[in-house]
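Structural overview for review
Each chain, letter by letter, is given below.
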Amino acid sequence: MSARVLDGADVANQIRSEVGPAIAAFTARAGRPPGLGIVLVGDDPASEIYVRNKLKSAAGAGLRADLERLPATARLAELLEAVERLNRSDAHDGILVQSPLPPAMGVDAERRVFDLIRPDKDVDGFHPTNVGHLVQNRAPLPACTPSGVIELLERSHVPIAGARAVVIGRSDIVGKPLAILLLHRHATVTICHSRTTDLAGAAAGADILVSAIGRPGFVTRSFVKPGATVVDVGMTQIDDRATVERLFPPGSKRREVFERRGALVVGDVHPDVAEIAGALSPVPGGVGPLTIAMLLKNTLTAAQLRAGGTG
Ligand code: GUN
């Protein structure tokens, strides 16, 4: 048996087709489109791809989207100034500083940046005020990847209420907020992480298993209860042949892609899991497009709220 594929691109298109007319209506009423300011520091190859996709998608949906780039050698003070400028800008309703920042900026750089973004422009949902609102189930701007996973599950008719959900990963960006969103929808939630004992055993109790740790092929068949829904949020760019050969059989499409490009984006979930899961959101084609769709939605919401909630 092969798992039903949860098609993230399809659900993302649904969301975009709902958000598009609302963006057009806001633009007509306000005399300007909702605006998104993105700051990218350095030249991390994965971040380059994510930011390019965000800009393209935002422009395609009718948003104004501006990119400010800073070199990898930029000082934290320069980045904080860029955020302050966007905080003051009337043209920008949403601000996104792409993570990760260069390590040279210091261990607390991300926290200082996210703390500085105005909460009503924080379309990532990372500001402590927005995290608090999320915990209290009243977030106007929920974090994009976690809310994208929820949209994917709900629109694919995967029951959440009463389900046992296991989230592998406890990051501020995905694991923690996703666990809270699942809890608000009445799942019984376990968060697993690097210190969890018998992680495979805990995962195998899940009706809904989500992995967000960025370790290629970590979730193997023994982690999965037959028929469970598995959502792969991991996205790791690999260029070593040994990992590709460990994950994908000779002659497979993914190996062909690797041979052509010399690199491959792979998820946390081993491909064999498709034989045992009931439903599977794969990488690529799963959650990635949803993160962007939710960013467009949050930017529209931020614009509407700044315009007095009527936008
Ligand atoms: N890096 C990986 N995912 C994200 C995200 O959702 N937002 C930001 N700002 N950076 C990221």
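Refer to the structure presented above.
Remember, it's a predicted structure, so these values are computed and weren't measured experimentally. (Residues numbered from 1 in each chain as written. Predicted model: local features only at pLDDT ≥ 70, side-chain atom pairs only at ≥ 80, totals over all residues. Heavy atoms only, no water.)

A word on the site of the ligand. In the region of the ligand, the neighbouring residues are Leu96, Val97, Gln98, Ser99, Asp124 and Phe126. In the environment of the ligand, a nitrogen atom lies 2.9 Å from a nitrogen or oxygen atom belonging to the backbone of Val97. One of the side-chain N or O atoms of Gln98 is found 3.2 Å from a nitrogen atom in the ligand. Protein burial of the ligand: of its 280 Å² of free accessible surface, 85% is covered by the chains. (Near = heavy atom within 4 Å. Polar contact = N/O pair within 3.5 Å; in protein donor to acceptor, adjacent residues only side chain to side chain. Areas by Shrake-Rupley, 256 points an atom, 1.4 Å probe, with all protein chains shown as cover.)

Okay, the sheet that holds strand E4 (residues 94–97) next. Spatial strand order, E3-E2-E4: 3 strands in an open sheet with parallel pairing. Two strands in the sheet have a free side with no partner beyond their single neighbour: strand E3 (64–70) and E4. Direction aside, neighbouring strands of the sheet carry axes that sit 15 degrees apart on average. In terms of strand pairing, strand E2 (residues 35–41) meets E4 through 4 bridges, oriented parallel. Paired with Val39 across the strands is Val97, a residue of E4. Against the sheet, helix H2 (residues 45–60) contacts E2, E3 and E4, and its axis sits at roughly 165 degrees relative to E2. (Pairing = 2+ DSSP bridges. Helix = DSSP H or I, 4+ residues; strand = E, 2+ residues; numbered from the N terminus. Axes fitted to C-alpha atoms, helices over the stretch in contact; angles between N-to-C directions. Contact = heavy atoms within 4.5 Å.)

Here we come to the packing of aromatic side chains. Enumeration according to the criterion identifies 2 aromatic pairs in this entry. Aromatic pair Phe114 and Phe126: ring centres 4.9 Å apart, planes at 65 degrees, arrangement edge-to-face. Here Phe114 is found in helix H4 (residues 109–116), whereas its partner Phe126 is found in the loop between H4 and helix H5 (128–135), with 12 residues between them in sequence. Phe126 matches Phe114 in its accessibility class, with the two residues each being buried. Considering the side-chain rings of Phe218 and Phe223, the 5.3 Å spacing of their centres and the 70 degrees angle between planes classify their relative orientation as edge-to-face. (Phe/Tyr/Trp six-rings, centres within 6.5 Å; stacked < 30°, edge-to-face > 60°. Buried < 20%, exposed > 50% of the residue type's maximum accessible area, 1.4 Å probe, protein only.)

Before going further, it helps to spend a moment on the side chain of Arg255. For Arg255, the location among the structural elements is in helix H10 (residues 253–261). Buried charge Arg255 goes without a salt bridge, the closest partner of opposite sign being Glu245 at 4.4 Å. Beyond its immediate stretch of four places on either side in the chain, Arg255 contacts Val244, Glu245, Phe248, Pro249 and Pro250. (Lys, Arg positive; Asp, Glu negative; His and termini not counted. Salt bridge = Lys/Arg side-chain N within 4 Å of Asp/Glu carboxyl O.)

In terms of burial, E2 is a largely internal element, 7 of the 7 residues being buried. Here E2 shows a buried face lined by Gly35, Gly37, Val39 and Val41 and a second buried face lined by Leu36, Ile38 and Leu40. Where E2 lies against E3, 7 bridges are found, and the strand directions are parallel. What sits directly across from Val39, in E3, is Glu68. Following the backbone out of E2, through H2 and into the adjacent parallel E3, one traces a crossover that is right-handed. (Right-handed = clockwise from strand over helix to strand, strands pointing away.)

Ranked by size, the top nonpolar core spans 50 residues in total, and within it Leu153, Leu182, Ile208 and Val233 carry the most contacts. Contributing elements (two or more residues each) for this core: helix H1 (8–30), E2, H2, helix H6 (144–155), strand E5 (164–168), helix H7 (175–184), strand E7 (208–211) and helix H11 (288–306). Sort the elements by how many residues they give to this core and H11 lands first, with 8 residues. Contact partners of Leu182, with chain neighbours within four places excluded, come to Ile150, Leu153, Ile160, Ala165, Val167, Ala187 and Val189. (Core = buried A, V, L, I, M, F, W, Y, C linked by side-chain atoms within 4.5 Å.)

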